Amino acid sequence: MQSTVTPTHCPYCALQCGMNLTPVPGGTVRVSERADFPVNRGALCGKGRTAPALLDPGVRLTSPLVRSPETGALVPAGWGEALDRIAEGLDRTRTGYGADAVGVFGGGGLTNEKAYALGKFARVVLGTSQIDYNGRFCMSSAAAAGVRAFGLDRGLPFPLEDVPRTGCVILVGSNPAETMPPALRYFTELRANGGTLIVVDPRRTRTAEQADLHLAPRPGTDLALALGLLHLVVAEGRTDEAYIRERTTGWEEARAAAMAHWPEYVERITGVPVPLLRETVRLFCEPEAAMVLTARGPEQQAKGTDTVGAWINLCLATGRAGRPLSGYGCLTGQGNGQGGREHGQKADQLPGYRKLTDPAARRHVAAVWGVDPGSLPGPGRSAYELLDALGTDIRSLLLMGSNPVVSAPRAAHVEERVRSLDFLAVCDVVLSETAALADVVLPVTQWAEETGTTTSLEGRVLLRRRALPAPDGVRGDLEVLHELAARLGDGPSPEKRFPTDPEEVFEELRRASAGGPADYSGISYRRLAEENGVFWPCPAPGPGPELKPGPGASQAAPAPAPVSAPADRAVHPGTPRLFLDRFATEDGRARFVPVAHRANAEEPDDEYPVLLTTGRVVAQYQSGAQTRRVDELNAAAPGPFVELHPRLAERIGAAEGDPLAVVSRRGRAVAPARITTAIRPDTVFMPFHWAGEGRANTLTNPALDPTSRMPEFKVCAVRVETARS
Ligand SMILES: Nc1nc2c(c(=O)[nH]1)N[C@H]1C(S)=C(S)[C@@H](COP(=O)(O)OP(=O)(O)OC[C@H]3O[C@@H](n4cnc5c(=O)[nH]c(N)nc54)[C@H](O)[C@@H]3O)O[C@H]1N2
Ligand SMILES: Nc1nc2c(c(=O)[nH]1)N[C@H]1C(S)=C(S)[C@@H](COP(=O)(O)OP(=O)(O)OC[C@H]3O[C@@H](n4cnc5c(=O)[nH]c(N)nc54)[C@H](O)[C@@H]3O)O[C@H]1N2
Ligand code: SF4
Ligand SMILES: [Mo]
């Protein structure tokens, strides 16, 4: 029956594929094709198709759990008792050690409403500065580089539909064949239209197999690679001088820095032969328009911000940013990876992508929240630093939407820190490895059971809709914050500031974001439903420029109301394409940044002679907390493995399937060998979706990028040997 079909979006990645849900007997839903959503045009990957499996009460949490003082085990409890225990646990820390001893950790999978409410809860109710989230581990380097160069961070400054119409795309450290399968179409269409695809990846991935050119640099050398390409652009006279003059600043210093990176020197660092560098420059520069897209490969490095900056410099020098069908973009990862970074769960941020250190931003948001600007705490620690401080400076933690004991770098240490907490509360849909360590676990509703907005990798704000009621015993994250505010907040009825209706939260978010870089004030649930999503910035009708200077720039605080636009007034259409007239900097020009090659935080030596890189496989998602509970996905990707080249396998005497021990300065992991010529002989690859002895993050290096505070997930030094156990 038509009326029972609910159009919505996938619970997993940032592509936010459209899907239709139809309730089926037994309390779950059937997923079917939703052809009206243009991004995926009905196509879904296996994760999206099988998402309803997690609605099954046999798989998910359906009752709060509290740790029994007698047995030490987690046992079912009522909501009242569980919430009281959380309030007591957090309050005890707050009273004993001060507000900053209470930490909050969020996630880029949370809807905009949840991310907004969580950030507000931390600052207004707990009064702590110690909040950050897993997006720090995701696109933070690209975000920092984007703000530095363009004055604004929106992952893709253009819709995906532009990709097939450009002339050349360089895809750097991105493997959409595994991580966003329905998006692969945009790249195959690009080639069908006569454009070229260049893939930069130390592995010949299924994405690289589709490319016209595959460059396989040594992990962690993308910065040198981009500089070498820019050197050749200059040497071959392929710069766009008029564009550089009119639309950029800082070229001289950036040019000088690039000229120090001779192609032969770059070949020695990266392992990419000079003729391939020249061919890349030719393919990138000859067409009218071209793009560079990055994902986690170049970004998850201790120099990720500069690395992305070097690729942006290449775009700017060739006039390929802020022009039709040209530009730099980052392929954001999590379901709300874009929106999750805009509304205040990041350590240094207020809603609307405002800076917590900007006095005008503090005034504006404090007015919306009805608090004194002076009461808002300052910036806190970044994600890894926060996790590293657990049990010492931070004694209690409220965690919503992440599973860091599997997904954080140096995970054995992080696990030990989590265990040393005085008090841990986790809200999750399943008993993740981190939830299993908690004092209290709250079972929360899932995508099909709740309404809310996400912002996709294109910067398109989307409406997810509730398709069925939640089972008994399960409540929403907004309700959790509402109840905790009632128990922990000041003044009469503090919970009133934390509505449980997502649309009410969104209406407040609109006002809080008004006038900020990520301005949602012109967006409403009604518009999202009618228009199938709206691209930000989308200011409410009224005076004022559309693109405000980016975070860090001081801006006058606009009046926080009104934002509801009558249908007959001029309505802002949203902004699918950014920067076409000007960049979001004070002077409207993009900024070159002079950057230079530097070594990885850890380079191979006699003891640890091999490089480890990490990433994803198509059938598992992130820490695996959700997808490891889905039979069909487990059958496709049952466990961890170590991908290595036959030459390395021969040297250590390993055959296909042999258990291998991979040892780094942080620890040891064991997983079977998967031998393939698709990887460089000096590098091994492990996916990070599993806990236990095959946990890749036991090995990874928490060395942080100085600007973005991104850990070096994509490269560390290891020893690989056959495991005789
Ligand atoms: N199936 C699946 N899909 C997902 C996710 C998932 O967990 N599973 N997660 C979602 C999220 S949150 C994210 S962030 C995205 C991530 O999406 P991607 O960035 O595409 O995923 P990764 O596998 O982490 O990394 C991409 C590629 O970087 C390469 N790489 C490793 N080291 C380097 C290097 O030094 N330089 C370069 N150039 N490349 C390198 C790896 O070999 C890998 O093929 O995927 C999203 N989609
Ligand atoms: N070695 C290595 N490590 C990595 C990476 C890598 O490439 N290599 N990539 C990093 C990246 S890009 C990312 S994004 C992180 C991700 O790593 P995590 O932050 O661990 O991400 P998930 O596994 O998605 O964890 C989300 C948790 O929240 C729960 N959840 C889902 N929806 C909701 C909700 O609405 N509310 C609540 N309360 N809970 C919910 C899920 O069940 C799950 O337990 O991993 C990082 N770690
Ligand atoms: S590509 Fe991403 S959004 Fe689309 S179905 Fe798969 S996991 Fe869901
Ligand atoms: Mo991510």
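Note that the coordinates shown come from a computational prediction; the quantities given were computed from them, not determined experimentally.

Time to look at the site of ligand 1. In the vicinity of ligand 1, 33 residues are found, and the nearest of them are Asp-201, Asp-222, Arg-616, Gln-620 and Gln-622. Here Lys-47 contributes a side-chain N or O atom positioned 3.0 Å from a nitrogen atom of ligand 1. Between ligand 1 and Gly-220 there is a distance of 2.8 Å, counted from an oxygen atom to a backbone nitrogen or oxygen. For ligand 1, whose free accessible area comes to 910 Å², the fraction covered by protein is 99%. When contributions to the shell around ligand 1 are tallied by element, the ones reaching two or more residues are α5 (176-179), α12 (296-299) and β23 (610-615). By residue class, the composition of the shell around ligand 1 is 10 nonpolar, 15 polar and eight charged. The two domains that each donate at least three residues to the shell around ligand 1 are domain 2 (141-331) and domain 3 (610-722).

Here the focus is helix α10 (residues 263-270). Taken together, the buried positions of α10 are occupied by Pro-263, Val-266, Ile-269 and Thr-270. On an axial view of α10, the arc spanned by its buried residues comes to 120°, and they lie on one face. Check the buried side of α10 and you find it contacts α7 (222-235) and α11 (274-285).

So, on to the environment of Leu-509. Inspection of the secondary structure assignment puts Leu-509 in helix α19 (residues 502-513). Residue classification places Leu-509 among the buried positions, given a relative accessible area of 0%. Separated by 175 residues in the primary sequence, Leu-509 and Val-684 place their C-alpha atoms 44 Å from one another. Residues within four places of Leu-509 in sequence aside, it is in contact with Asn-112, Tyr-116, His-343 and Tyr-520.

This part covers the sheet that holds strand β19 (residues 452-455). One open sheet accounts for three strands, arranged β19-β20-β21; its pairing is antiparallel. Of all the strands in the sheet, just β19 and β21 (534-535) have a single pairing partner and so form its edges. Lying over the sheet, helix α3 (residues 112-126) contacts β19 and β20 (460-464), oriented at roughly 95° with respect to β19.

Right, let's get into the site of ligand 3. The full set of residues close to ligand 3 is Cys-10, Tyr-12, Cys-13, Gln-16, Cys-17, Leu-44, Cys-45, Lys-47, Gly-48 and Pro-182. The residue inventory of the shell around ligand 3, partitioned by class, reads seven nonpolar, two polar and one charged.

This part covers the domain arrangement of the protein chain. When the parts of a complex come together, some accessible area is lost, and that lost area is often used as the size of the interface. Taken domain by domain, the protein chain comprises domain 1 (65-137 + 336-535), domain 2 (141-331) and domain 3 (610-722). Here the C-alpha centroids of domain 1 and domain 3 sit 30 Å apart. Overall, the association of domain 1 and domain 3 removes approximately 1700 Å² of surface from exposure, summing both partners, and the carbon and sulfur fraction of that is 60%. At the boundary of domain 1 and domain 3, one finds three salt bridges. Here Arg-695 and Glu-415 are joined by a salt bridge, their closest N and O atoms 2.9 Å apart. Inspection of the region where domain 1 meets domain 3 yields 12 residue pairs in polar contact (both at pLDDT 80 or more). Elements represented by at least two residues in the side of domain 1 that touches domain 3 include exactly α15 (383-388), α16 (404-407) and α17 (411-419).

Right, let's get into the packing of aromatic side chains. Summed over the entire model, instances satisfying the criterion amount to 10 aromatic pairs. Consider the rings of Tyr-12 and Tyr-621, whose centres lie 5.0 Å apart with planes at 55°: the pair is tilted. Of this pair, Tyr-12 sits in the loop between β1 (6-9) and β2 (18-24) while Tyr-621 sits in the loop between β23 and α21 (631-636), placing them 609 residues apart in sequence. Per residue, the accessibility class of Tyr-12 equals that of Tyr-621, and both read buried. Plain terms: the ring middles of Phe-137 and Phe-713 are 5.4 Å apart, the flat faces sit at 85° to each other, and that makes the pair edge-to-face.

Right, let's get into the packing of α3 against α19. Across the interface, α3 lies against α19 with an axial gap of 9 Å and an inter-helix angle of 70°. Between α3 and α19, the interaxial angle falls into the category roughly perpendicular. As α3 runs across α19, the sense of the crossing is left-handed. For the pair α3 and α19, the contacting residues are Asn-112, Glu-113, Tyr-116 and Lys-120 in the first and Pro-502, Val-505, Phe-506, Glu-508, Leu-509 and Ala-512 in the second. Split into classes, the residues belonging to the contact of α3 with α19 amount to six nonpolar, one polar and three charged.

Tracing the backbone through its elements, the reader meets Arg-165 in the loop between α4 (140-150) and β8 (168-172). Overall, Arg-165 belongs to the partly exposed group, its relative accessible area being 48%. For the pair Arg-165 and Ala-590, spaced 425 residues apart in sequence, the C-alpha separation works out to 24 Å. Residue contacts for Arg-165: discarding those within four places in its chain leaves Leu-325 and Arg-577.

As a further point, take the nonpolar core. In terms of nonpolar packing, the biggest core is built from 169 residues, with Phe-121, Phe-150 and Trp-311 touching the most fellow members. Examining the composition of this core, we find that nine residues originate from one element, α7, more than from any other.

Okay, the sheet that holds strand β10 (residues 213-215) next. On the basis of which strands lie adjacent, the open sheet formed by five strands has the order β10-β9-β8-β12-β13 and parallel pairing. The open sheet has two free edges, formed respectively by β10 and β13 (327-330), since each of these has just one partner strand. Across the sheet, the axes of successive neighbouring strands diverge by a mean angle of 15°, strand direction being ignored. As paired strands, β8 and strand β12 (residues 291-294) are joined by four bridges and run parallel to one another. When the bridges of β12 are listed, Val-172 appears paired with Thr-294.

About the cut-offs
- Residues numbered from 1 in each chain as written.
- Chains lettered and ligands numbered in written order.
- Predicted model: local features only at pLDDT ≥ 70, side-chain atom pairs only at ≥ 80, totals over all residues.
- Heavy atoms only, no water.
- Near = heavy atom within 4 Å.
- Polar contact = N/O pair within 3.5 Å; in protein donor to acceptor, adjacent residues only side chain to side chain.
- Areas by Shrake-Rupley, 256 points an atom, 1.4 Å probe, with all protein chains shown as cover.
- Helix = DSSP H or I, 4+ residues; strand = E, 2+ residues; numbered from the N terminus.
- Nonpolar A, V, L, I, M, F, W, Y, C, P; charged D, E, K, R; others polar.
- Domains from an automatic or database assignment.
- Buried < 20%, exposed > 50% of the residue type's maximum accessible area, 1.4 Å probe, protein only.
- Arc of directions from axis to C-beta.
- Contact = heavy atoms within 4.5 Å.
- Pairing = 2+ DSSP bridges.
- Axes fitted to C-alpha atoms, helices over the stretch in contact; angles between N-to-C directions.
- Buried area = accessible area lost by both parts, 1.4 Å probe.
- Salt bridge = Lys/Arg side-chain N within 4 Å of Asp/Glu carboxyl O.
- Phe/Tyr/Trp six-rings, centres within 6.5 Å; stacked < 30°, edge-to-face > 60°.
- Parallel < 35°, antiparallel > 145°, perpendicular 65-115°, else oblique.
- Left-handed = near helix turned anticlockwise from the far one by under 90°.
- Core = buried A, V, L, I, M, F, W, Y, C linked by side-chain atoms within 4.5 Å.

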